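A structural walkthrough
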Amino acid sequence: MKISATTLAFTLIAARNSPIRAFSNAVTLNTRSVTNRLLSPSTVNTSSSSSSTSTTCNMSTVSDSTSTSNPLLESNDLPKFTKIEPSQLTPAMTSILEKLEADFASMESTLAEAKEVEYEEVLPVVEKMQHPLGYAWGIASHLNGVKNGDELRAAYEENQPKIVQATMKFSQSKPMYDALLKVQKTLEESEDDDFVLAQKKRAIENSLRGMTLGGVGLEEGSPEQIRFKEIKMRFAELSTAFSNNVLDATKAWGLEVTDVADVEGVPESAKAMWAQAHLQNLVKECKDEEEKKKLEEQKVDGSAGPWRLTLDGPSYVSAMQHIPNRDLRQKVYLGYLQRASEFTAGDEGEEKKDGPGKNNVPIIDEILKLRKEMSGLLGFNNFAEQSLASKMAPDVAAVENLSKLILEKSLPAAEKELAAATSLAREDGGDAYNEASLEKLMPWDTSFWVERLKEKTFDLKEEELRPYFALDAVLEGMFGLIERIFGIEVRAANGKVEVWHPDVQFFELYDKETDQHVASFYLDPYSRPADKRGGAWMADCLGKSEALEIDTPVAYLTCNGSPPVGDKPSLMTFREVETLFHETGHGLQHMLTRASVGDVAGINGVEWDAVELPSQFMENWCYDKPTVYGFAKHYETGEPLPEEMFEKLKQQKTFGAGMMSCRQLLFGVVDMELHSNYDPEGDETVFDVQRRMSNIYTPYANPLDEDRFLCGFSHIFAGGYSAGYYSYKWAEVMSADAFGAFEEVGLDNEDGVREVGRKFRDTVLSLGGGIAPMDVFTQFRGREPSPEALLRHNGLA
């Protein structure tokens, strides 16, 4: 079958004409409603003033005597990170939950007796009521991700069940559900057609869906309701254990390298990073304080070693792309793929009496069983149906169709790419890679030889680019882009607020026309494998809300980029540059919203398969010449990136696009298969499913029998992407088409780019979840999305 633009577009937009099959609002990391705003760091609902960094909130939620001694109770300002201790979490939760329970019981009584209910009597009241809990628990959740430690982890796990119980009281409140139905009916009768009314309608709709998925329809005290509550409580425990296990396994693994031959040809930045990791590990393990001081004063010598390879992102990627020793690469590869599995858990992998063990295999099995059971209690055939009920995609078949259509173009390209890398390995790799010795490249060979092929094809090494991508310069250039296309000036504000680590920076956003302070954000840029989770994410510290008198949102942007080494600043890989732009895109949608209803402001209330639109859109600017030359300057000389290097960088954009596309498609279909057709009680294992889907989507690189990638797949087992990982590709169609609007006016047409940029800000970045994402896109583009730009950008047209 040929991929036509019409066919692929129809698959994408089918959701618009599909009836909603059930009230739903999947509990995700970045979607807020009365039922889920308490469960994650990105669902914090707090307040801010519009004129200064300091935030104010006019409601008093705890007694002054209590709040002054516990910074987690001071919810009228930005978090006082330097004063927060893990021991303060339980007292704060106890105080907050006692008041919340009493206030909500009173509200339920009032609603139950009321014959008529106004909007202002329900959601705004709930938002104010939940604010102290969302604030305190949001801080704890954030710190649990960026400053994890035994004491905080214990406090977090102790209090998490209480938060889940509090959330269920809201989601299963029949008086509130009935009141929302009354309000919904009143709003639907209104003939007004303004944005404020649209926001209220969407917030009511989302809350009703969330309550239905939260079990409000289950009879009070029934076996079904009791079991539903048990499942929700267990989910919280399992997802936290899964995430902790991945973090623990990542930081526990290390491989010492002493032979210079093993790092021959490795970029100096990678060797310096590994040498620093080795020294840091020596300091950590040293028991003698005097000796420890001497170690801390030592300078890192990246060229001489010794080196310590670790599994945090920058180290792992560098090892797989550059270590010439196949045996070392194999150890690193298996170390990463087998994190938190039966291969690494040891005796601790057995189920402990007080909770899940260190082995994520049984945790995955239990999660999938419980998700299927929970969906059955709610009337769904499987968890995928439950998840999709609140997304743009109308059903599993639509997701599968999109995946297969993209696969048709991607798979032939992927096979050619791998064949070219294999041919180079045969030519340059020596006897170890001849056909008699090696039938095909092993998984730990692929990245290494693909990188060599890229270097040979473009005569450009990643290490040659790094000196031009110093973090501070990249930030300056990215902020210049934001000012150029969105009319927003970003100003450094370090020292104005308290931070959780010396690496963290703070910035403020100002509207260029009015000079109004419109938002702020924290940036935590570097990898810290000892206490910081891997990956990159955006979370909200303060969300915009009229009910809470918030007008200045604040975001957390978290990356795991290459840290400074010795006297050198952070010199980023180009992929790390793209990641920074990506997370900033999420942040801009949160920060530049003009929605005033908290539950649909910013990324809140945006369907999950549309939430990646702004983030993936921002990545496109990493190949725009004015943008790149706004930051690509040598960190020592200040010389701009040579023209020929930039041209090669652009040419590299589609290099390996086939394999990358197939890889992302595989993650999405494995996720969807596990949550739709897979039987957790059957004979097939989750790893059988992974291999079965790989036979279709990556037949050129089937997983090894000992592959345990799923044990580290936090997106779907400890995050918001369960039965939703496909969202990356779904949203990529829209993000590529959105960037196409800039290409159509000409990227060198400053006036045109500025005009389209303001329109993007006024629609995609401003409307939040207050309007359905397809309608938002149509307002910006003047039509529904087309896949032509995506295929063209990936070199697959």
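Once that is clear, we can look at the overall build of the protein. The number of helices and strands found in the protein is 30 helices and seven strands. Over its C-alpha trace the protein gives a radius of gyration of 26 Å, about what one expects of a compact globule, namely 28 Å for 797 residues. In terms of overall dimensions, the protein has C-alpha extents of about 85 × 65 × 60 Å along its principal axes. For the protein, the proportion of its 797 residues judged to be buried stands at 60%. Put simply, of all contacts in the protein between residues at least 6 apart along the chain, 75% involve residues at least 24 apart. One way to put it: in the protein the 83 positive side-chain charges average out to a point 1 Å from where the 127 negative ones average out.

It is worth spelling out the pattern of salt bridges at this point. Applying the stated rule across the entire model yields 48 salt bridges. Taking the shortest distance from any N to any O, the salt bridge between Arg202 and Glu607 comes out at 3.0 Å. Placement of the pair is Arg202 in helix α7 (residues 195-213) and Glu607 in the loop between α20 (574-591) and α21 (613-619), with a sequence separation of 405 residues. Both residues of the pair, Arg202 and Glu607, count as buried. Through salt bridges with shared partners, a single ionic network connects Asp503, Asp524, Arg528, Asp531 and Lys532.

Another aspect to go through is the packing of helix α16 (residues 396-428) against helix α24 (residues 657-674). In contact at an axis separation of 7 Å, α16 and α24 are set at 145 degrees when each is read in the N-to-C sense. Note on packing geometry: the crossing formed by α16 with α24 is left-handed. Between α16 and α24, the contacting residues are Val396, Val399, Ser403, Ile406, Leu407, Ser410, Leu411, Ala413, Ala414, Glu417 and Leu418 on the first element and Ala657, Gly658, Met659, Ser661, Cys662, Leu665, Val669 and Met672 on the second. Class assignment for the residues of the contact of α16 with α24 results in 14 nonpolar, four polar and one charged.

In this section: the sheet that holds strand β4 (residues 505-511). With mixed pairing, the five strands of this open sheet are ordered in space as β3-β4-β5-β7-β6. Sheet topology places β3 (488-492) and β6 (537-542) at the edges, where each strand pairs with a single neighbour. When the angles between neighbouring strand axes are averaged without regard to direction, this sheet yields 25 degrees. Direction of pairing for β6 relative to strand β7 (residues 554-561): antiparallel, over a ladder of five bridges. When the sheet's bridge partners are listed, Ala539 is paired in β7 with Tyr556. Each of β3, β4 and β5 (517-526) is contacted by helix α19 (residues 471-486), which is oriented at about 155 degrees to β3, the strand it contacts most.

Turning to its location among the elements, Glu462 is positioned in helix α18 (residues 462-465). With no salt bridge to any partner, buried Glu462 finds its closest opposite charge in Arg466, at an N-O distance of 4.6 Å.

Bringing the packing of aromatic side chains into the picture now. Here the structure, examined in full by the defined rule, presents 41 aromatic pairs. On the basis of an interplanar angle of 65 degrees and a centroid distance of 4.8 Å, the ring pair of Phe506 and Tyr522 is categorised as edge-to-face. In this pair, Phe506 sits in strand β4 while Tyr522 sits in strand β5, placing the two residues 16 residues apart along the sequence. Comparing Phe506 with Tyr522 shows no difference in burial state: the two are buried.

Next up on the list: helix α3 (residues 89-113). Helix length check: α3, at 25 residues, gives a terminal C-alpha distance of 36 Å against a target of 36 Å (1.5 Å per residue), a fit within 8%. Inspection of α3 places Leu89, Ala92, Met93, Ile96, Leu97, Leu100, Phe104, Met107 and Leu111 among the buried residues, and these make up the whole buried set.

A contiguous patch of negative charge on the surface is contributed by Asp288, Glu289, Glu290, Glu291, Glu296 and Glu297. Position of Glu290 among the secondary structure elements: in helix α10 (residues 289-297). On the basis of relative accessibility, which here comes to 58%, the residue Glu290 falls in the exposed class.

Summarising the element assignment, Ile696 is placed in helix α25 (residues 686-697). Considered as a pair, Ile696 and Leu411 are 285 residues apart in the sequence and their alpha carbons are 9.4 Å apart. Beyond its immediate stretch of four places on either side in the chain, Ile696 contacts Leu407 and Leu411.

Right, let's talk about the confidence of the model for the protein for a bit. For the protein, the average pLDDT comes to 89, and 90% of its residues sit at 70 or higher. Across residues 39-66 the pLDDT falls below 50, and counting only partners more than four positions away or on other chains, this stretch makes 103 contacts in the model.

Put simply, Gly305 and Pro306 share a cis peptide bond, and its omega is 0 degrees. Mapped onto the elements of the fold, Pro306 is located in the loop between α10 and β2 (307-309). Here Asp459, not a glycine, exhibits a phi torsion of approximately 50 degrees, which is positive. Relative to the elements of secondary structure, Asp459 occurs in the loop between α17 (443-458) and α18. The exposure class assigned to Asp459 is exposed, which follows from its relative accessible area of 57%. Notably, Glu549 is not glycine yet its phi reads approximately 55 degrees, a positive angle. By relative accessible area, Glu549 is classed as partly exposed at 48%.

Time to look at the packing of helix α4 (residues 123-146) against helix α5 (residues 150-171). Packed helices, taken two at a time, are described by the angle their axes make and the gap between the axes. Interaxial distance between α4 and α5 falls to 11 Å at its minimum, and their mutual angle equals 155 degrees. By the angle between their directions, the pair α4 and α5 is classed as roughly antiparallel. In the crossing of α4 with α5, the sense of the turn from one axis to the other is left-handed. Contact with α4, carried on its side by Val126, Met129, Gln130, Leu133, Trp137, Ala140, Ser141, Leu143 and Asn144, involves Leu152, Arg153, Tyr156, Asn159, Gln160, Ile163, Ala166 and Phe170 of α5 and no other residues of that element. A per-class count over the contact of α4 with α5 returns eleven nonpolar, five polar and one charged.

It is worth spelling out the pairing of β7 at this point. Successive residues of a regular strand alternate their side chains across the two faces of the sheet. β7 sits mainly inside the fold: eight of its eight residues count as buried. Side chains Val554, Tyr556, Thr558 and Asn560 project from β7 onto one buried face, and the interleaved Ala555, Leu557, Cys559 and Gly561 project onto a second face that is buried too. Inspection of the sheet shows β5 paired to β7 by six bridges, in the parallel sense. Along β7, the bridge assignment pairs Phe521 with Ala555.

With that settled, consider the side chain of Glu578. With respect to the helices and strands, the residue Glu578 is situated in helix α20. Judged by relative accessible area, which is 10%, Glu578 ranks as buried. Excluding residues that lie within four positions of it along the chain, Glu578 makes contacts with Glu619, Cys622 and Tyr623.

Here we take up the environment of Thr685. With respect to the secondary-structure elements, Thr685 resides in the loop between α24 and α25. For Thr685 and Ser109, which are 576 residues apart along the polypeptide, the C-alpha to C-alpha distance reads 49 Å.

Among the ten residues that make up helix α11 (residues 313-322), eight are buried, leaving the element largely enclosed by the rest of the structure. Three or more residues of α11 are buried, namely Pro314, Ser315, Tyr316, Ser318, Ala319, Met320, Gln321 and His322.

Here the focus is the environment of Ser437. Considering the arrangement of structural elements, one finds Ser437 in the loop between α16 and α17. The contact partners of Ser437, leaving out residues within four places of it in the chain, are Asp431 and Ala432. At 3.1 Å, the side chain of Ser437 and the backbone oxygen of Asp431 are in polar contact.

Rules and cut-offs
Residues numbered from 1 in each chain as written. Predicted model: local features only at pLDDT ≥ 70, side-chain atom pairs only at ≥ 80, totals over all residues. Heavy atoms only, no water. Helix = DSSP H or I, 4+ residues; strand = E, 2+ residues; numbered from the N terminus. Rg over C-alpha atoms; globule rule 2.2 N^0.38 Å. Buried < 20%, exposed > 50% of the residue type's maximum accessible area, 1.4 Å probe, protein only. Contact = heavy atoms within 4.5 Å. Lys, Arg positive; Asp, Glu negative; His and termini not counted. Charge placed at Lys NZ, Arg CZ, Asp CG, Glu CD. Salt bridge = Lys/Arg side-chain N within 4 Å of Asp/Glu carboxyl O. Axes fitted to C-alpha atoms, helices over the stretch in contact; angles between N-to-C directions. Left-handed = near helix turned anticlockwise from the far one by under 90°. Nonpolar A, V, L, I, M, F, W, Y, C, P; charged D, E, K, R; others polar. Pairing = 2+ DSSP bridges. Phe/Tyr/Trp six-rings, centres within 6.5 Å; stacked < 30°, edge-to-face > 60°. Expected span 1.5 Å × (residues − 1). Patch = residues over 30% accessible without salt bridge, like charges linked within 9 Å, V, L, I, M, F, W, Y side chains within 5 Å. Areas by Shrake-Rupley, 256 points an atom, 1.4 Å probe, with all protein chains shown as cover. pLDDT = per-residue confidence, 0-100. Parallel < 35°, antiparallel > 145°, perpendicular 65-115°, else oblique. Polar contact = N/O pair within 3.5 Å; in protein donor to acceptor, adjacent residues only side chain to side chain.

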